[in-house]
Every structure is written in structure tokens, then in C-alpha cells.
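A closer look at the structure
Here is what each chain is made of, one letter per residue.
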Amino acid sequence: METLLIDENGEYGLDCTQAVWASDKMHEDYHRAKVQLSDADFLLEEANNILIVEYKNADTKKAREARYKTPAFNPMDDKKFTSTVRKFYDSLHYIHLFGKNKPVKYVYVVEAPNSDAIMRKRLRARMKTLLPFALQENINTGISLIDRVDVLSINEWNMHDEYGKYPFVKL
């Protein structure tokens, strides 16, 4: 298992040395299988949980330079938002194929221009309405697809009591 998972821009790595298992191969595996599924960026297995981590950093040098050519990234944009939620659902298949049957937490680590804790809190609340929290409560079988959703900045992730043991490091 790799201990440092590198983001798609090669600017940050996620230190997974304390994880039971970790992977950033979902995209590659889905592409190779020619399946039309969206993938989260990182999967981390802990002793008692699986973390599905979607990472978007629109505040890197490369992203700032691209803003002159394309509209600035807005995580609240309906299309971006729907894509982020879909990545949770489509990642469940992958976890299942690996036999990972632990409670799942979905964490969206997002850096964007003009983003702040209030925007991330609003984004989390909105995501919670489309993730299967109400479904699993209504069906009430004791089986859950998701236990928690968090939306954090890189700094908030690194300082978090639980997630901080897997720090994002600038390369």
C-alpha cells in the first residue's frame, strides 16, 4: 500500500501511513473497466470506519492561472454540487468490491476562492439532504450507507481530531 497518495495536480499528498488500507486507484480502475461511474479521490480504511475523501483544491497556482480562461470554481454551483454528491454513491460500489463493510464517512476537502467556514457549513447542510441519511432512517433496518458527512478546508482536515492523523502535505 502506498503511504502518500498524491492529488491529481501533484501539489499535495495525503499521508496514509496510519491507515489500515488506503487507495487512490478508483478512477484508474473505473476507467480501465469502462464503467460510467464517478469516483472520489481517496479511500482510507481505519480500524472502525471507511473514509471516502473527495478533494478539490481550486486555490493552487495552477488553478489560479486557469481562472483567466474559465469561470472560477464554485462548490455551490448546482452541477459541481451534484457531481460531488454522486461521487459518494458511485464510490460505494468500489468499497463493496473490496469487501469493506465498515461504517462510511464522506469527507469533502475543498479549497476555493472566497470560501470560508460558513460556506463549508452551508455546503455540508445541502449535501446532507441528498445523501442517504433520511433513507436509512426511514427504512430503519439498522444498516447504514453513511454515518457522517464533513466539509473541511485542508487546514481544518489537518487540525481535526480524527482526520488529522492523515495530514495533507504540500509537495
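The notes below deal with the structure included here. (Residues numbered from 1 in each chain as written. Predicted model: local features only at pLDDT ≥ 70, side-chain atom pairs only at ≥ 80, totals over all residues. Heavy atoms only, no water.)

Considerations on the nonpolar core
For clarity, the cut-off: Definition used in this section: a nonpolar core is a set of buried Ala, Val, Leu, Ile, Met, Phe, Trp, Tyr and Cys residues joined via side-chain atoms within 4.5 Å. We call a residue buried when its accessible area falls under 20% of the maximum for its residue type, exposed when it is over 50%, and partly exposed in between, using a 1.4 Å probe and counting protein chains only. Helix and strand definitions follow DSSP, with helices as H or I runs of at least four residues and strands as E runs of at least two, each counted in order from the N terminus. Pairs of residues are marked as contacts when any of their non-hydrogen atoms sit within 4.5 Å.
Residues Ile-52, Phe-88, Tyr-106, Leu-123, Met-127 and Leu-131 are the most contacted members of the largest nonpolar core, which totals 29 residues. Ranked by residues supplied to this core, first place goes to helix 3 (residues 78-97) with six residues. With sequence-adjacent residues up to four places away left out, Leu-123 is seen in contact with Pro-75, Met-76, Phe-81, Tyr-108 and Val-151. Core analysis: the next-biggest nonpolar cluster, separate from the first, contains 19 residues, Tyr-12, Phe-42, Trp-157 and Tyr-166 among them.

Brief notes about the pattern of salt bridges
Filter applied, for reference: When a carboxyl oxygen of Asp or Glu is within 4 Å of a side-chain nitrogen of Lys or Arg, the pair counts as a salt bridge.
Taken as a whole and assessed by the stated rule, the structure comprises 13 salt bridges. Here Asp-24 and Lys-25 are joined by a salt bridge, their closest N and O atoms 3.4 Å apart. Using a relative accessible area of 31% as the deciding quantity, one classes Lys-25 as partly exposed. The closest approach of N and O atoms between Asp-29 and Arg-32, which form a salt bridge, is 2.5 Å. Remark: Arg-32 and Asp-29 occur in helix 1 (residues 26-33); sequence separation between them is three residues, near one turn of the helix. The class for Asp-29 is partly exposed, based on a relative accessible area of 22%. Under the relative-accessibility criterion, Arg-32 is labelled exposed at 56%. One network of salt bridges, in which partners are shared, links Lys-105, Arg-148, Asp-150 and Glu-162.

Comments concerning the packing of helix 1 against helix 3
Keep this limit in mind: What counts as an axis is a line fitted to C-alpha atoms, over the stretch in contact for a helix, and the angles between N-to-C directions run from 0 to 180 degrees. In this scheme, roughly parallel covers angles under 35 degrees and roughly antiparallel covers those over 145, while 65 to 115 is roughly perpendicular and the rest are oblique. Classification used: nonpolar for Ala, Val, Leu, Ile, Met, Phe, Trp, Tyr, Cys and Pro, charged for Asp, Glu, Lys and Arg, polar for all others including Gly.
One can describe the packing of helix 1 onto helix 3 by two numbers: an axis separation of 11 Å at closest approach and a directional angle of 85 degrees. On the basis of the axis angle, helix 1 is roughly perpendicular to helix 3. Here helix 1 contributes Met-26, Asp-29 and Tyr-30 to the contact with helix 3, which in turn contributes Asp-90, Ser-91, His-93 and Tyr-94. A breakdown of the residues in the contact of helix 1 with helix 3 according to their chemical character gives three nonpolar, two polar and two charged.

With respect to the packing of aromatic side chains
Selection criterion: Here the aromatic set is Phe, Tyr and Trp, taking the six-membered ring for Trp, and pairing holds for ring centres within 6.5 Å; pairs whose planes are under 30 degrees apart are stacked, those over 60 apart are edge-to-face, and all others are tilted. Two thresholds decide whether a charge sits over a ring: the Lys NZ or Arg CZ must be within 6 Å of the ring centre and within 35 degrees of the ring normal.
Under the criterion given, the structure shown has 11 aromatic pairs. Centre to centre, the rings of Phe-88 and Tyr-106 are 5.5 Å apart; their planes meet at 50 degrees, and the pair counts as tilted. Here Tyr-106 lies in strand 6 (residues 104-111) and Phe-88 lies in helix 3, a separation of 18 residues in the sequence. The pair formed by Phe-88 and Tyr-106 is uniform in burial state, with each residue classed as buried. Geometrically, the ring pair formed by Tyr-94 and Phe-98 is tilted, given 5.0 Å between the ring centres and 50 degrees between the ring planes. Relative accessible area serves as the criterion here: at 4%, Tyr-94 is assigned to the buried category. What links up through ring pairs into an aromatic cluster is the set Tyr-12, Phe-42, Tyr-55, Trp-157, Tyr-163 and Phe-168. Its guanidinium or amino end placed over the ring of Trp-21, Lys-100 lies 4.5 Å from that ring's centre, counting from NZ or CZ.

Digging into the sheet that holds strand 5 (residues 50-57)
Working definition: the strands of a sheet are paired by backbone hydrogen bonds and lie parallel or antiparallel to each other. Defined as follows: Each pair of strands is called paired provided DSSP finds at least two bridges between the two strands.
The strand order 3-4-5-6-7 describes an open sheet built from five strands, whose pairing is mixed. Since the sheet does not close on itself, it has two edges, and those belong to strand 3 (21-23) and strand 7 (148-152), each with one partner. Taking the axes of each pair of neighbouring strands and ignoring which way they run, one obtains an average angle of 15 degrees across the sheet. Bridge count between strand 6 and strand 7: five bridges; the pairing is parallel. Of the residues in strand 7, the one forming a bridge with Val-109 is Leu-152. Lying over the sheet, helix 3 contacts strand 3, strand 4 (42-45), strand 5 and strand 6, oriented at roughly 140 degrees with respect to strand 5. On top of the sheet, helix 4 (residues 117-130) reaches strand 6 and strand 7; it is set at about 155 degrees to strand 7, its chief contact.

The quantities given are spatial measurements derived from coordinates; they are silent on function.
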